[in-house]
Amino acid sequence: MGANSSSITELPENEYLKKLSGAEPISENDPFWNQLLSFSFTTPTNSADLKLLEEATISVCKSLVEKNPRTGNLGSLIKVFLSRTKELKISAECQNHLFIWQAHNALFIICCLLKVFISRMSEEELQLHFTYEDKTPGSYGTECEDLIEELLCCLIQLIVEIPLLDITYSISLEAVTTLIVFLSCQLFHKEILRESLIHKYLMRGRCLPYTSRLVKTLLYNFIRQERSPPPGTHVFQQQTDGGGLLYGIASGVATGLWAVFTLGGVGSKATPQLEQCSPLANQSLLLLLVLANLTDAPDTPNPYRQAIMSFKNTQDSSAFSSSHPHVFQINFNSLYTALCEQQKSDQATLLLYMLLHQNGNVRTYVLARTDIENLVLPILEILYHVEERNSHHVYMALIILLILTEDDGFNRSIHEVILKNITWYAERVLTEISLGSLLILVVIRTIQYNMTRTRDKYLHTNCLAALANMSAQFRSLHQYAAQRIISYTCRHLRRYVYVLDKLYFPHSHCSTLQHCFSTLSDNGEELLSLTCSHILRSYAASLFSLLSKKHNKVLEQATQSLRGSLDSSDTPLPDYAQDLNVIEEVIRMMLEIINSCLTNSLHHNPNLVYALLYKRDLFEQFRTHPSFQDIMQNIDLVISFFSSRLEHAGAELSVERVLEIIKQGAVALPKDRLRKFPELKFKYVEEEQPEEFFIPYVWSLVYNAAVALYWNPRDIQLFTMDSG
């Protein structure tokens, strides 16, 4: 890498770049452009080379900013590029490598310059630099034209119209990258940009008619995951017949002058990211996410979001609605396959979220798939490896599950899909388990991780909502899943008694009770000893008797403490009481989930009844709790009914015999004895002003995952940098 590094640092002294940024105007017809654009390189991808390139570009830009108002050389360079793109489609069809090669090089230089310009000046200043022309005596200005809009429109046309071949791959990638750079002004503002010059160009005028075609092309780039062609295939190679005259001139110029600009070739360290395998797919997805999250103009809804919300399956023969001006068709089967395969990246998960949440056609299609496990399993892996993922990625995966569980058909079908040998699930060997039971295990594990580590109320609320949506359709729960539902509930029941003990008797020294809780491990599997259970039962009864008088006051004080609104005369609650509300919410919801399953599908879930009976002592203590009395009625009835049948069956019963008695009892239990509660149903609703979350998130993905793009972390204003 040393040679590459030293060569990049020499760029500011390159005579052609010095001339471009110098005081002498260069006309569009000057042979200089052929010389400037005749270089061969592989775009740098590792961060060290990208940083060096950025620093070298800044030096050239400083000179160009100073001289461009008089020379108009930036405008000339752009016009040279625009003139060459007019023949790109024919060049691709005729395999004209040289023409495409030079057009690509022109766009690469434009992109590098733009990136620095946008990071260091306002949009108004940038617009001025696009209007400057040669001011030397005797020169004549051309007709006034909006060069920014023309360049933006040209880039979009290039993306949607030029066929994707080995020789056009690099220029297609550069066009997508340049559009991202044009929109990157958001990175340098703390507030969300609601009125941007570039946004206006992209959402109105000449660019607007290309909206659906651009979205469709970017989606297909993501679907196809075309790998970058081997190095050299996009660069004009001299043919055995010696090539043409123009190539001879160009190669002569390139030798020695631009040879220093051979970047990222052999000897440079490859970026260890999946994005490098298919940079066009990755970059296209990032651009799509940026476009979809542009804010609406006061009088114009975001057309790119409209296109994403309304596109249809190619097999859908229904007429296009006039209310959706940007509708198009795409192959849903190919899209589904790509979404299933790419969920390891944040950006693919975010795309899946957007499509499920905003596009009813996609949501209906996904829910009708008979291989839904191909989509759900990667999402569960994201949640399972929560420690290794950023919080936004976990949120998106969780919300996807919540959206899916809004559908009863999904909740039924996942219990019919049987999986073999889930190797990534390390807590227990799962040789055979239903997709539904695995989903329950992973969601409970996520809640548990959150409650013990991150303590994010938003996260556990959505986890519980997903479980609640599924609960009425629980079927044939795996014994481990049933055990985890009950043991997780018991863990919080114990924790709740412990907090109340500390709250009411802060100076007590009940060593036995404290030992019970301090020795519980994170997985909550350990049972209390018989002695501790007896102490806990009598102790809880006295606590709950006290609660019936003081409970509301305690919760009110805890809530005030959480909000920091205690009066000066009040004594703040200690740290262990801060979670009183949260613990009670979790207990209440878990009891409702258990109750929903018992009420709607008791006969389908003997393992859940078995696990409930195994820990009945703890549940019985909460039948008098003022917050849980109503929901405990059914649970208490089930415990009493099955306990009685087991007692009549005698002692020393095997597990198999107990399950057999439970199955028989489930048929015998009169359904009208169980009190009916409103159906547990939760629907995901986006927060108000979702852009406040999504725009910084999308741009953080661009910053971290975009190929061959580097921004100085010190310049970033939109989000806080972890390092740099």
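Quick notes on the rules
Residues numbered from 1 in each chain as written. Predicted model: local features only at pLDDT ≥ 70, side-chain atom pairs only at ≥ 80, totals over all residues. Heavy atoms only, no water. Helix = DSSP H or I, 4+ residues; strand = E, 2+ residues; numbered from the N terminus. Buried < 20%, exposed > 50% of the residue type's maximum accessible area, 1.4 Å probe, protein only. Contact = heavy atoms within 4.5 Å. Areas by Shrake-Rupley, 256 points an atom, 1.4 Å probe, with all protein chains shown as cover. Salt bridge = Lys/Arg side-chain N within 4 Å of Asp/Glu carboxyl O. Phe/Tyr/Trp six-rings, centres within 6.5 Å; stacked < 30°, edge-to-face > 60°. Lys NZ or Arg CZ within 6 Å of the ring centre and 35° of its normal. Expected span 1.5 Å × (residues − 1). Bend = angle between axes of the 7 residues up to and from the residue. pLDDT = per-residue confidence, 0-100. Axes fitted to C-alpha atoms, helices over the stretch in contact; angles between N-to-C directions. Parallel < 35°, antiparallel > 145°, perpendicular 65-115°, else oblique. Left-handed = near helix turned anticlockwise from the far one by under 90°. Nonpolar A, V, L, I, M, F, W, Y, C, P; charged D, E, K, R; others polar. Core = buried A, V, L, I, M, F, W, Y, C linked by side-chain atoms within 4.5 Å. Disulfide = S-S within 2.5 Å. Polar contact = N/O pair within 3.5 Å; in protein donor to acceptor, adjacent residues only side chain to side chain.

Description of the overall build of the protein chain
Each helix and strand in the protein chain was counted, giving 32 helices and four strands. Buried residues in the protein chain amount to 56% of all 724 residues. For the protein chain, contacts bridging at least 24 residues in sequence account for 77% of all contacts bridging at least 6. Element-wise, carbon and sulfur atoms account for 50% of the exposed surface of the protein chain, whose accessible area totals about 31800 Å².

A few points about the pattern of salt bridges
Throughout the structure, instances matching the rule amount to 16 salt bridges. Two residues, Arg-445 and Glu-387, come together in a salt bridge whose shortest N-O distance is 3.5 Å. Placement of Arg-445 in helix 22 (residues 435-454) and of Glu-387 in the loop between helix 19 (373-384) and helix 20 (391-404) is noted, with a sequence separation of 58 residues between them. Note on Arg-445: relative accessible area 17%, which makes it buried.

Comments concerning the packing of aromatic side chains
Inspection of the entire model under this criterion finds 20 aromatic pairs. Here the aromatic rings of Tyr-425 and Tyr-480 are separated by 6.5 Å at their centres, their planes lie at 80°, and the arrangement is edge-to-face. Here the residue Tyr-425 occupies a position in the loop between strand 3 (418-420) and strand 4 (432-434), and Tyr-480 occupies one in helix 24 (residues 479-504), the gap between them amounting to 55 residues. An aromatic cluster of three or more residues is present, and its members are Phe-311, Phe-328, Phe-332, Tyr-336 and Tyr-365. Looking at Lys-200, its charged tip hangs above the ring of Tyr-201, at a distance of 5.7 Å from the centre. Across the ring face of Tyr-384, the terminal group of Arg-445 is positioned such that the distance to the ring centre comes to 4.0 Å.

Structural notes on helix 30 (residues 629-649)
The terminal C-alpha atoms of helix 30, which comprises 21 residues, lie 30 Å apart, in line with the 30 Å expected from a rise of 1.5 Å per residue. Largest kink in helix 30: about 25°, centred on Ile-635. Regarding helix 30, the residues found buried are Ile-631, Met-632, Asn-634, Ile-635, Asp-636, Leu-637, Val-638, Ile-639, Phe-641, Phe-642, Ser-643 and Leu-646. Those residues of helix 30 that are buried are in contact with helix 27 (580-601), helix 28 (606-614), helix 29 (616-620) and helix 31 (655-668). In the segment just after helix 30, Gly-650 is the residue with positive phi, at about 100°.

Examining the environment of Gln-358
Inspection of the secondary structure assignment puts Gln-358 in helix 17 (residues 346-358). Here Gln-358 is in contact with Arg-305, Ile-308, Met-309, Arg-363 and Glu-686, once residues within four sequence places are set aside.

Focus on the confidence of the model for the protein chain
Mean pLDDT for the protein chain: 82, with 80% of residues reaching 70 or above. Low pLDDT (under 50) marks residues 234-273, which in the prediction has 68 contacts with non-local residues, meaning those over four places away or in another chain. Overall, residues 515-537 carries pLDDT values under 50, and its contacts beyond four positions in sequence, including any with other chains, amount to 43 contacts.

Observations concerning helix 22
Its 20 residues give helix 22 an end-to-end C-alpha distance of 27 Å, which sits within 8% of 28 Å, the value for a rise of 1.5 Å per residue. Within helix 22, 17 of the 20 residues are buried, leaving the element largely enclosed by the surrounding structure.

Things to note about unusual backbone geometry
Unlike most non-glycine residues, Gln-225 shows phi in positive territory, near 50°. Gln-225 sits in the partly exposed class, given a relative accessible area of 23%. The backbone of Ala-708 sits at a positive phi, close to 60°, despite the residue not being glycine. Tracing the chain through its elements places Ala-708 in the segment after helix 32 (691-705).

Here's the deal with the packing of helix 12 (residues 211-224) against helix 16 (residues 332-341)
Running from N to C, helix 12 and helix 16 point in directions that differ by 55°, and their axes come no closer than 8 Å. Comparing the axis directions of helix 12 and helix 16 gives the class oblique. In the packing of helix 12 onto helix 16, the handedness of the crossing is left-handed. For the pair helix 12 and helix 16, the contacting residues are Leu-219, Phe-222 and Ile-223 in the first and Ser-334, Leu-335, Ala-338 and Leu-339 in the second. Classifying every residue of the contact of helix 12 with helix 16 gives six nonpolar, one polar and no charged.

Points about the nonpolar core
Leu-438 and Phe-619 are the most contacted members of the largest nonpolar core, which totals 234 residues. Looking at which element gives the most residues to this core, the answer is helix 7 (residues 97-120), with 14 residues. Discounting chain neighbours no more than four positions away, the residues touching Phe-619 are Ile-486, Thr-489, Cys-490, Leu-493, Leu-591, Ile-594, Leu-612, Met-632, Ile-635 and Ile-639.

As for the environment of Glu-195
Locating Glu-195 in the fold gives a position in the loop between helix 10 (169-183) and helix 11 (197-203). Sequence separation between Glu-195 and Pro-298 is 103 residues; the distance between their C-alpha atoms is 8.8 Å.

Quick look at the packing of helix 12 against helix 14 (residues 279-292)
In a packed pair of helices, the relevant descriptors are the angle between the two axes and the axis-to-axis distance. Two numbers describe how helix 12 lies on helix 14: the axes approach to 8 Å, and their chain directions differ by 140°. In terms of their interaxial angle, helix 12 and helix 14 are classed as oblique. For the element pair helix 12 and helix 14, the recorded crossing hand is left-handed. Contact residues: helix 12 offers Leu-214, Val-215, Leu-218, Leu-219, Asn-221 and Phe-222, while helix 14 offers Leu-280, Ala-281, Ser-284, Leu-285, Leu-287, Leu-288 and Leu-291.

Examining the environment of Thr-168
Following the sequence through the fold, Thr-168 ends up in the loop between helix 9 (147-161) and helix 10. A sequence separation of 61 residues divides Thr-168 from Pro-229, and the C-alpha atoms of the two residues are 9.8 Å apart. With residues near it in sequence (within four places) discarded, Thr-168 still touches Ala-92, Ile-100, Ile-162 and Pro-163.

So, the side chain of His-326
Looking at where His-326 falls in the secondary structure, it is placed in the loop between strand 1 (312-313) and strand 2 (329-330). Residue contacts for His-326: discarding those within four places in its chain leaves Leu-208, Thr-211, Ser-212, Pro-303, Gln-306, Ala-307 and Ser-310.

Observations concerning the state of the cysteines
Inspection of the entire model under this criterion finds zero disulfides. In this structure Cys-111 is not part of a disulfide, and its nearest cysteine sulfur, from Cys-112, lies 6.0 Å away.

Focus on the side chain of His-415
Along the chain, His-415 falls in the loop between helix 21 (408-413) and strand 3. Classification of His-415 by relative accessible area gives buried; the value is 8%. At 3.4 Å, the side chain of His-415 and the backbone oxygen of Arg-475 are in polar contact. Once residues within four sequence positions are removed from consideration, His-415 is found in contact with Ser-434, Gly-436, Ser-437, Ile-440, Gln-473, Phe-474, Arg-475 and Leu-477.

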